[in-house]
Structure formats: structure tokens, C-alpha cells
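# Structural features, examined
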Amino acid sequence: MEELKTLASLYEPDERQAFFAVREAGAQDFRPIQAANIHARAARASLNLGVPEHIRSHFAMAQNLVAYSWFCYPFNVAAELHAYISVDFALKTRFPDKANKPFAKLLEHAVDQGL
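Each chain carries its own residue numbering, running from 1 in the direction its sequence is written. Local features are withheld for residues below a pLDDT of 70 in this predicted model, meaning they are given only at 70 or higher, and side-chain atom pairs are given and counted only at 80 or more; totals for whole chains, interfaces and linings count all residues. Hydrogens and water are ignored here; the side-chain numbers use all heavy atoms of the structure.

## What about the nonpolar core?
If you look at the biggest cluster of nonpolar residues, it comprises 7 residues: Val 22, Ile 33, Ile 38, Ala 42, Val 66, Trp 70 and Ala 79. By definition in these notes, contact holds between two residues if any of their heavy atoms fall within 4.5 Å. Ignoring anything within four residues of it in the chain, the contact list for Ile 33 reads Gln 17, Phe 20, Ala 21, Val 22, Ile 38, Arg 41 and Trp 70. Here, nonpolar core refers to any group of buried Ala, Val, Leu, Ile, Met, Phe, Trp, Tyr and Cys residues whose side-chain atoms link them within 4.5 Å. Each residue is placed in one exposure class: buried if its accessible area under a 1.4 Å probe, protein chains only, is under 20% of its type's maximum, exposed if it is over 50%, and partly exposed if it falls in between.

## Considering helix α1 (residues 35-44)
By definition, any uninterrupted DSSP run of H or I lasting at least four residues is a helix, any uninterrupted run of E lasting at least two residues is a strand, and each is numbered from the N terminus. Within the sequence span of α1, burial applies to Asn 37, Ile 38 and Ala 42. Mapping the buried residues of α1 onto a view down its axis gives an arc of 135°, with all of them on the same face. Opposite its buried face, α1 presents the exposed residues Ala 36 and Arg 44, each directed more than 90 degrees away. Along its buried surface, α1 packs onto β1 (21-22), β2 (31-32) and α2 (53-68). Our arc is simply the arc of the directions from the helix axis toward the C-beta atoms.

## Points about the packing of α1 against α2
Interaxial distance between α1 and α2 falls to 8 Å at its minimum, and their mutual angle equals 165°. Here α1 lies roughly antiparallel to α2, going by the angle between them. Considering the relative orientation of α1 and α2, their crossing is right-handed. Along the contact surface, α1 presents Ile 38, His 39, Ala 42 and Ala 43, while α2 presents Gln 63, Val 66 and Ala 67. In the contact of α1 with α2, the residues fall into 5 nonpolar, 2 polar and no charged. Helix axes are fitted only over the stretch in contact, all axes being lines through C-alpha atoms; the angle between N-to-C directions runs from 0 to 180 degrees. Any angle that is under 35 degrees is reported as roughly parallel, and any over 145 degrees as roughly antiparallel; angles of 65 to 115 degrees are reported as roughly perpendicular and all others as oblique. Take the far helix as your reference; a near helix turned counterclockwise from it by less than a right angle gives a left-handed crossing, and one turned clockwise gives a right-handed crossing. Gly is put with the polar residues, along with every residue not named as nonpolar or charged; the nonpolar set is Ala, Val, Leu, Ile, Met, Phe, Trp, Tyr, Cys and Pro, and the charged set is Asp, Glu, Lys and Arg.

This is how it looks when you write it as C-alpha cells:
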């Protein structure tokens, strides 16, 4: 069950992070995952600078949720949801005439348009 972390443990990694490991390119052994690995994963997901600022800002919240999942593992789920909402927001902005369509139809239209 999730509970509010104590103030003393607020800056400690979520205990579930201990179950994850990474292997550096060229290395043979795994090592425990670190906050830097999670932050780098969040940073790899980026938007083109041509994307409107309000959508890039919305997506940055999803990236920050991924980064902060180091401290609170369930933030991963919230980050994924926020990222999907960002895509929906972007598609409705890009195709205002289709803004009333469900997400799947918007995504299908985007693919049809070559996006």
C-alpha cells in the first residue's frame, strides 16, 4: 500500500528501485540503477522545437514525473498517463477540426498524415 513518505526519507530512492539494474554499453556486468539513469531516460524523450510551447511544457511535466519516480515509483504510471494526455493535446491542437474525435482516431489520422 502506498503511504506518504516521511520527511526524513523524502530524498531517499523508492525501495522498489533496488530491483532494477543496468548494464553499460560494452560491460559484462549489471550494476544497480541510479537516479542519473532514470533522468537520462526521461531526457531522451524530447519534442521538436516547432511544437508549441504550451504542449512542450505539458510534456515536460511527464518527463519530470519520470525523473521523480526515482523517489516515488508509482510516478511512472502518472508520467505515462500525462504523456498520453500530452499527445492527445498536441493532436487536438494540430487538427482542431478533429478535436472531438477519440484519441485512437486522432492518432490514426496523424499516422495517415505522415506525422
